[in-house]
Amino acid sequence: ASLLASCASAFLAPPLASTQQQQTSLSAKSLVPWVEAPEGLGAWAGGEQGFDPLFLSTMVPIEWLREAELKHGRIAMLATLGYITADFV
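For clarity, every value in this text was computed on a predicted model and none was experimentally measured.

J.: What should I look at first to understand the overall build of the protein chain in this one?
T.: Assigned secondary structure in the protein chain consists of four helices and zero strands. Taken from the N to the C terminus, the helices and strands of the protein chain come in the order α-α-α-α. Nonlocal contacts in the protein chain, meaning residues at least 24 apart in sequence, comprise 0% of its contacts between residues at least 6 apart. Here the protein chain displays about 7800 Å² of accessible surface, and carbon together with sulfur accounts for 67% of that area.

Listed below in structure tokens is the structure:
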């Protein structure tokens with residue numbers, strides 16, 4: 001029974017720190033050390049790392065940038081599928 005319990009515990013997620021503590025530790029980081037992160041990126045996925053070296057999020061609404069990124073990613077996935085399919089036809 002203890003072996004079964006130890007195997008099952010391998011699939012449990014590690015305990016998370018409080019969100020306030022996690023937010024402060026992530027907001028201090030920047031992926032580009034010589035550039036300060038823009039202010040409005042904290043609430044978006046990936047924004048907690050502060051990667052926006054061209055400061056596009058200050059010139060263009062972040063909602064539009066996110067939608068464009070998703071759209072381009074989906075088009076790239078379809079293009080890859082088309083490239084692979086062409087080899088089999």
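Next, the rest of the story.
J.: Please explain a nonpolar patch on the surface as it appears in this structure.
T.: Residues Leu54, Leu56 and Met59 make up a contiguous nonpolar surface patch of roughly 330 Å² in combined accessible area. Tracing the backbone shows Leu56 in helix α3 (residues 56-59). The class of Leu56 is partly exposed, set by a relative accessible area of 37%.

J.: Just to check I follow, could you spell out unusual backbone geometry for this structure?
T.: Phi is positive for Phe55, close to 55°, though the residue is something other than glycine. Position of Phe55 relative to the elements: it lies in the loop between α2 (19-27) and α3. Accessibility expressed as a relative area gives 30% for Phe55, which makes it partly exposed.

J.: Would you explain the confidence of the model for the protein chain in this entry?
T.: Interpreting fine coordinate detail is not advised for predicted regions of low pLDDT. Here the protein chain averages 74 in pLDDT, and 55% of its residues register 70 or above. Within the model, pLDDT remains below 50 along residues 22-28, and this stretch shows five contacts once partners closer than five positions in the same chain are excluded.

Rules of the game
Residues numbered from 1 in each chain as written. Predicted model: local features only at pLDDT ≥ 70, side-chain atom pairs only at ≥ 80, totals over all residues. Heavy atoms only, no water. Helix = DSSP H or I, 4+ residues; strand = E, 2+ residues; numbered from the N terminus. Contact = heavy atoms within 4.5 Å. Areas by Shrake-Rupley, 256 points an atom, 1.4 Å probe, with all protein chains shown as cover. Patch = residues over 30% accessible without salt bridge, like charges linked within 9 Å, V, L, I, M, F, W, Y side chains within 5 Å. Salt bridge = Lys/Arg side-chain N within 4 Å of Asp/Glu carboxyl O. Buried < 20%, exposed > 50% of the residue type's maximum accessible area, 1.4 Å probe, protein only. pLDDT = per-residue confidence, 0-100.

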